[in-house]
Amino acid sequence: MKIRILLVDDHTILRAGLKMMLNAQTDMEVIGEAHDGRQAIQESQRLHPDIVLMDITMPDMNGIESTRQIKKVLPDVKILILTMHENDEYVFQALRAGASGYIMVGDYLQRVNAGEEKDSYSILTEREREILKLVAEGFTNNQIAERLVISPKTVDTHRTHIMDKLNLHSRAELVKYAMRRGLLED
């Protein structure tokens, strides 16, 4: 039986990347998504997930208050906090509110930066890095061309080179790669 997961984060691109990675696991399935704390409570009650992956800093209602309210109604649900920093004071507040633990999204990025993970980002030119970030942020070739004052055909050529160098085969893989690299932070 698959672990049923609810993703809660106000960043659409981050949710999309996480969903793609989690659904790629044979024993996990993302059954729903929420963009703020209030929606997280509603979706938790509607879907009864096994795990809620919860961002802390969201508009309207933050992850700490949302965690507290979900645990009142569904005491058996496990809530894991998504964080970039291990010593994040909010993590401890969330644990007190009933979260089961936390996942450090920044851990992978630290390993890459320390050279522990082999990464091909360094072989991209400055322009290719710029285009990779814009593609991952959802801009079309025409929008990127306009922004960088180059032709859409040139954007397409750069994009092809990026995908060849990084051994990626779709826009979704490009977004996932950009997330892992930390290119989509606010």
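Position labels on residues start from 1 in each chain and follow its written sequence. Per-residue local features are limited, in this predicted model, to residues with pLDDT of at least 70; the limit for side-chain atom pairs, both in listing and counting, is 80 or more; totals at the level of whole chains, interfaces and linings are taken over all residues. The basis for every side-chain value is the complete set of non-hydrogen atoms in the structure, without hydrogens or water.

A. Highlighting helix H7 (residues 141-148). Partly exposed residues are those whose accessible area sits between 20% and 50% of the maximum for their type, while under 20% is buried and over 50% is exposed, using a 1.4 Å probe and protein chains only. Each helix is a run of DSSP H or I of at least 4 residues and each strand a run of E of at least 2, with the numbering of both proceeding from the N terminus. For H7, the complete set of buried residues consists of Asn141, Ile144, Ala145 and Leu148. Buried residues along H7 cover an arc of 100° about the axis, so they all sit on one side. Structural note: H7 exposes Asn142 and Glu146 on the side pointing more than 90 degrees away from its buried face. Next to the buried residues of H7 lie helix H6 (126-136) and helix H8 (152-166). The arc in question is the one traced by the directions running from the helix axis out to the C-beta atoms. Two residues qualify as a contact provided that any one of their heavy atoms is within 4.5 Å of a heavy atom in the partner residue.

B. Inspection of the pattern of salt bridges at higher detail. Put simply, a salt bridge is a Lys or Arg side-chain nitrogen that is within 4 Å of an Asp or Glu carboxyl oxygen. Here the structure, examined in full by the defined rule, presents eight salt bridges. Glu33 is the salt-bridge partner of Arg15, the closest N and O atoms lying 2.9 Å from each other. With Arg15 in helix H1 (residues 12-23) and Glu33 in strand E2 (residues 28-34), this residue pair connects regions lying 18 residues apart in the sequence. On the accessibility criterion, Glu33 (28% relative accessible area) is partly exposed. Of the charged contacts, one joins Glu43 and Arg46 as a salt bridge, the two residues approaching to 2.8 Å between their closest N and O atoms.

C. Quick look at the environment of Thr125. By the secondary structure assignment, Thr125 is in the loop between helix H5 (106-113) and H6. Distance in space between the C-alpha atoms of Thr125 and His158 is 9.5 Å, their sequence separation being 33 residues.

D. Seen up close, the sheet that holds strand E5 (residues 101-104). Read from one edge to the other, the open sheet built from five strands follows the order E2-E1-E3-E4-E5, with strand pairing classed as parallel. The sheet is open, and its two borders are formed by E2 and E5, each paired with just one other strand. Strand-to-strand twist in this sheet, taken as the mean axis angle between neighbours without regard to direction, amounts to 30°. A pair of strands counts as paired when DSSP detects no fewer than two bridges linking them. Pairing of strand E4 (residues 78-83) with E5 involves four bridges; the strand directions are parallel. Residue pairing in the sheet places Ile81 in a bridge with Tyr102 of E5. Contacts between helix H3 (residues 63-73) and the sheet are confined to strand E3 (51-55) and E4, with E3 contributing the most and set at about 160° to the helix. Simply put, an axis is a line fit to the C-alpha atoms, just over the touching stretch for a helix, and the angle between two N-to-C directions goes from 0 to 180 degrees.

E. Spotlight on the packing of helix H2 (residues 37-47) against H3. Relative orientation of the contacting elements H2 and H3 amounts to 20°, with a least axis distance of 9 Å. With respect to H3, the element H2 is oriented roughly parallel. Crossing of H2 over H3 shows right-handed handedness. Mapping the contact onto sequence places Gly37, Ala40, Ile41, Ser44 and Gln45 in H2 and Ser66, Gln69, Ile70 and Val73 in H3. Partitioning the contact of H2 with H3 into residue classes produces four nonpolar, five polar and no charged. Reported orientations rely on four angle classes, namely roughly parallel under 35 degrees, roughly antiparallel over 145, roughly perpendicular from 65 to 115, and oblique for the rest. If you view the pair so one helix is near and one far, a crossing is left-handed when the near helix is turned anticlockwise from the far one by less than a right angle, and right-handed when it is turned clockwise. Throughout, the ten residues Ala, Val, Leu, Ile, Met, Phe, Trp, Tyr, Cys and Pro are labelled nonpolar, Asp, Glu, Lys and Arg are labelled charged, and all others, Gly among them, are labelled polar.

F. Quick peek at the side chain of Asp36. Within the secondary structure, Asp36 is located in the loop between E2 and H2. Buried and unpaired, Asp36 has no salt bridge, with Arg38 as the nearest side chain of opposite charge at 6.4 Å. The term polar contact refers here to a pair of N or O atoms within 3.5 Å; inside protein, the definition further demands a hydrogen-donor-capable atom paired with an acceptor-capable atom, and it admits residues adjacent in sequence only when both atoms are side-chain atoms. In terms of polar contacts, Asp36 uses its side chain to reach the backbone amide nitrogen of Gln39, at 2.8 Å. When charges are tallied, Lys and Arg are placed among the positive residues and Asp and Glu among the negative ones, while His and the ends of the chain are skipped.

G. Structural detail: the environment of Lys78. Within the secondary structure layout, Lys78 lies in strand E4. Once the C-alpha coordinates of Lys78 and Thr67 are considered, the two residues, eleven residues apart in sequence, prove to be 9.7 Å apart. Ignoring anything within four residues of it in the chain, the contact list for Lys78 reads Asp50, Ile51, Val52 and Ser100.

H. Representation of the pairing of E2. In terms of strand pairing, strand E1 (residues 3-8) meets E2 through six bridges, oriented parallel. Of the residues in E2, the one forming a bridge with Leu6 is Gly32. On the question of chirality, the crossover connecting E1 to the parallel E2 by way of H1 is right-handed. If the strands point away from the viewer and the path from the first strand over the helix to the second runs clockwise, then the crossover is right-handed.

I. Inspection of the confidence of the model for the protein chain at higher detail. Residues with a pLDDT of 70 or more make up 88% of the protein chain, whose mean pLDDT is 85. The secondary structure element of the protein chain with the lowest average pLDDT is H5, at 52, and the one with the highest is H2, at 96. Per-residue confidence from the predictor is given as pLDDT, running between 0 and 100.

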